[in-house]
Amino acid sequence: MTSLAVPEHPWLLPGELVVPAERGRRRPRRTTRDWVVDSLAFLLGLLWVLFATVDGLSPSPESAVPLPYDWMVGADALIGLVCCGLLWVRRRWPLGLAVATLPLNLFSMAAAIPLLIIYFTVVVHRRTAVAVAVTGAGLVTNLVFSWTRPDPVMPYWATVSWGVVITLAVLAWGMFVRARRQLIVSLRERAERAEAEQQLRVAQARHLERTRIAREMHDVLAHRISLLSLHAGALEFRPDAPADEVARAAGVIRGSAHAALQDLREVIGVLRAEDDGAGDAPEPPQPTLADLPALIAESRSAGVRVNVSDSVVNPGEVPAALGRAAYRIVQEGLTNARKHAAGAVVTVDVSGGPGTGLSVAISNRWPVGTPEGGTLPGAGTGLVGISERVTLAGGRLAYGRDDSGDFRLAAWLPWPA
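Everything numeric here is computed off the predicted structure, so don't read it as measured data. (Residues numbered from 1 in each chain as written. Predicted model: local features only at pLDDT ≥ 70, side-chain atom pairs only at ≥ 80, totals over all residues. Heavy atoms only, no water.)

Novice: Could you clarify how one ought to interpret the overall build of the protein in this entry?
Specialist: Looking only at helices and strands, the protein has 10 helices and five strands in total. Looking at the protein residue by residue over its 417 residues, the buried ones come to 35%. A fraction of 72% describes how many contacts in the protein between residues 6 or more apart in sequence connect residues 24 or more apart. Total accessible area on the protein is roughly 23,800 Å²; 63% of this is exposed by carbon and sulfur atoms. (Helix = DSSP H or I, 4+ residues; strand = E, 2+ residues; numbered from the N terminus. Buried < 20%, exposed > 50% of the residue type's maximum accessible area, 1.4 Å probe, protein only. Contact = heavy atoms within 4.5 Å. Areas by Shrake-Rupley, 256 points an atom, 1.4 Å probe, with all protein chains shown as cover.)

Structural data, given as structure tokens:
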């Protein structure tokens, strides 16, 4: 059974997309790509804290109006450093960190870049409704920040507008990344589902094929073994038979045993074959309606009295599958007659033509009493297999005692015009 291949370079993917084996983990393992991204985010945050601190201590800062006391600049730098440290755990608690650090957006300049990265993580890892709510809260804090830390060059509404543009740009980027990851996950799940369905179809096809082979084996071996039993019984109850009859019966037994072993070898060979894609055609032996006279002759040579009525129109045009089903039905009827009604006359009637269908009927007198030596044991699946075969062919099957008390096995199979 195959499985989906692991990506060729998993270290280039986020932890959530690496391998299916880690889907059961509550927190995906951080990949090389994640370590690189987190390191760059931490370094970017540190550089911004350094810039904001140096700019805040300068006599004429460029980013905002100067703070009234130097310790405020140091406190803002310390807040920025703490937020930079939080970047290493933002994947684990993105929403919690965003909510906890939201008040810092009201006044902190040094924490702006780390807080923006945390906000981006929320957009990527949480559903859209949560991201929009956090975005709304961030826009409100942007209004307050632009009022408390006004830009020395741009007017208030220009500063607010730039904040809104940056926030919406980060929102759009994060939603794009999230949608792309969801697409990859859905494609992977679809591929896994298709693979599982393919494996299920292969298993079902293998099961159906083995069931068909088992049915063929039953049909063939039951016929062969019933012939063996019939001739062996004749030798048992006629020990004083002439030598030529004994030799002929022994030859029939030897031939039937050889044929049974050959059929069994072919079936076992198919069951052991590793190539399951050999084609849709059934494995041999696969007789057709043209082999029906040989089957009748084989039963007659075993001492079974068989009367045949063959009125098939254009027998050479019978489809192979239809002829095979008719052959198996007659074979099962003769086998059952030898098993349960030894010595009874068996009547085989085959008729039909294109457009009207093919009718097959096998009947024999109901046995009276139990024959000496008892009846041959059976698996009880012969008629079940024949019924399934007829049903799959779209036909009808009936068996049991008729009005005259005889046992009758009758089937009708569709034969397209």
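Now that the structure has been shown, we can carry on.
Novice: Is there a simple way to think about the sheet that holds strand 3 (residues 357-364) in this case?
Specialist: Sheet strands pair via backbone hydrogen bonds, and the direction of the pair is either parallel or antiparallel. Spatial ordering of the open sheet is given by 1-2-3-5-4, a layout of five strands whose pairing is mixed. The sheet is open, and its two edges are formed by strand 1 (306-312) and strand 4 (396-401), each paired on a single side. Shown here is a sheet whose adjacent strand axes are inclined to one another by a mean of 5°, direction ignored. Each of strand 1 and strand 2 (346-353) is contacted by helix 8 (residues 292-301), which is oriented at about 170° to strand 1, the strand it contacts most. Packed onto the sheet, helix 10 (residues 382-392) meets strand 4 and strand 5 (407-413) and runs at close to 150° relative to strand 4. (Pairing = 2+ DSSP bridges. Axes fitted to C-alpha atoms, helices over the stretch in contact; angles between N-to-C directions.)

Novice: What am I meant to see in the packing of aromatic side chains here?
Specialist: To describe a pair of aromatic rings, you give the distance between the ring centres and the angle between the ring planes. For the coordinates displayed, the defined rule picks out seven aromatic pairs. Between tryptophan 35 and tryptophan 88, the aromatic rings sit 6.1 Å apart at their centres with planes inclined by 45°, giving tilted as the arrangement. With tryptophan 35 in helix 1 (residues 32-57) and tryptophan 88 in the loop between helix 2 (70-86) and helix 3 (94-100), this pair connects stretches of sequence that are 53 residues apart. With centroids separated by 5.4 Å and ring planes inclined at 40°, the aromatic side chains of tryptophan 48 and phenylalanine 51 adopt a geometry described as tilted. You can see tryptophan 48 and its partner phenylalanine 51 sitting in helix 1, three residues apart, about one turn around the helix. The exposure class of tryptophan 48 is partly exposed, given its relative accessible area of 22%. (Phe/Tyr/Trp six-rings, centres within 6.5 Å; stacked < 30°, edge-to-face > 60°.)

Novice: Sorry if this is basic, but what is going on with the side chain of threonine 159 here?
Specialist: Structurally, threonine 159 can be placed in helix 6 (residues 156-237). Of the polar contacts made by the side chain of threonine 159, one reaches the backbone oxygen of proline 155; its length is 3.0 Å. Residues in contact with threonine 159, not counting those within four places in the same chain, are Ser146, Asp151 and Met154. (Polar contact = N/O pair within 3.5 Å; in protein donor to acceptor, adjacent residues only side chain to side chain.)

Novice: Just checking my understanding: could you explain the pattern of salt bridges for this structure?
Specialist: It is possible for side chains bearing opposite charge to pair when their charged atoms get close. Applying the stated criterion across every chain yields a total of six salt bridges. As a salt-bridge pair, aspartate 34 and arginine 91 come within 3.7 Å of each other at their nearest N and O atoms. Of this pair, aspartate 34 sits in helix 1 while arginine 91 sits in the loop between helix 2 and helix 3, and the two are 57 residues apart along the sequence. A salt bridge links arginine 91 to aspartate 38; its shortest N-O distance comes to 2.9 Å. With arginine 91 in the loop between helix 2 and helix 3 and aspartate 38 in helix 1, the pair connects residues that are 53 residues apart, well separated along the chain. Judged by its relative accessible area of 1%, aspartate 38 is buried. Where salt bridges share partners, they join Arg30, Arg33, Asp34, Asp38, Arg90 and Arg91 into one cluster. (Salt bridge = Lys/Arg side-chain N within 4 Å of Asp/Glu carboxyl O.)

Novice: When you look at the environment of arginine 178 in this model, what are you seeing that I'm missing?
Specialist: Mapped onto the elements of the fold, arginine 178 is located in helix 6. When the C-alpha positions of arginine 178 and histidine 125 are compared, they lie 7.0 Å apart, and in sequence the two are 53 residues distant. Once you skip the residues sitting within four places of it in the chain, arginine 178 turns out to touch Val123, Val124, His125, Arg126 and Arg127. In terms of polar contacts, arginine 178 uses its side chain to reach the backbone carbonyl oxygen of valine 124, at 3.2 Å.

Novice: Help me understand helix 1, please; the structure alone is not making it clear to me.
Specialist: An α-helix turns once per 3.6 residues; consequently, residues spaced three or four apart project the same way. With 26 residues, helix 1 should cover 38 Å at 1.5 Å per step; its first-to-last C-alpha distance of 38 Å lies within 8% of that length. For helix 1, the elements touching its buried residues are helix 2 and helix 4 (112-125). (Expected span 1.5 Å × (residues − 1).)

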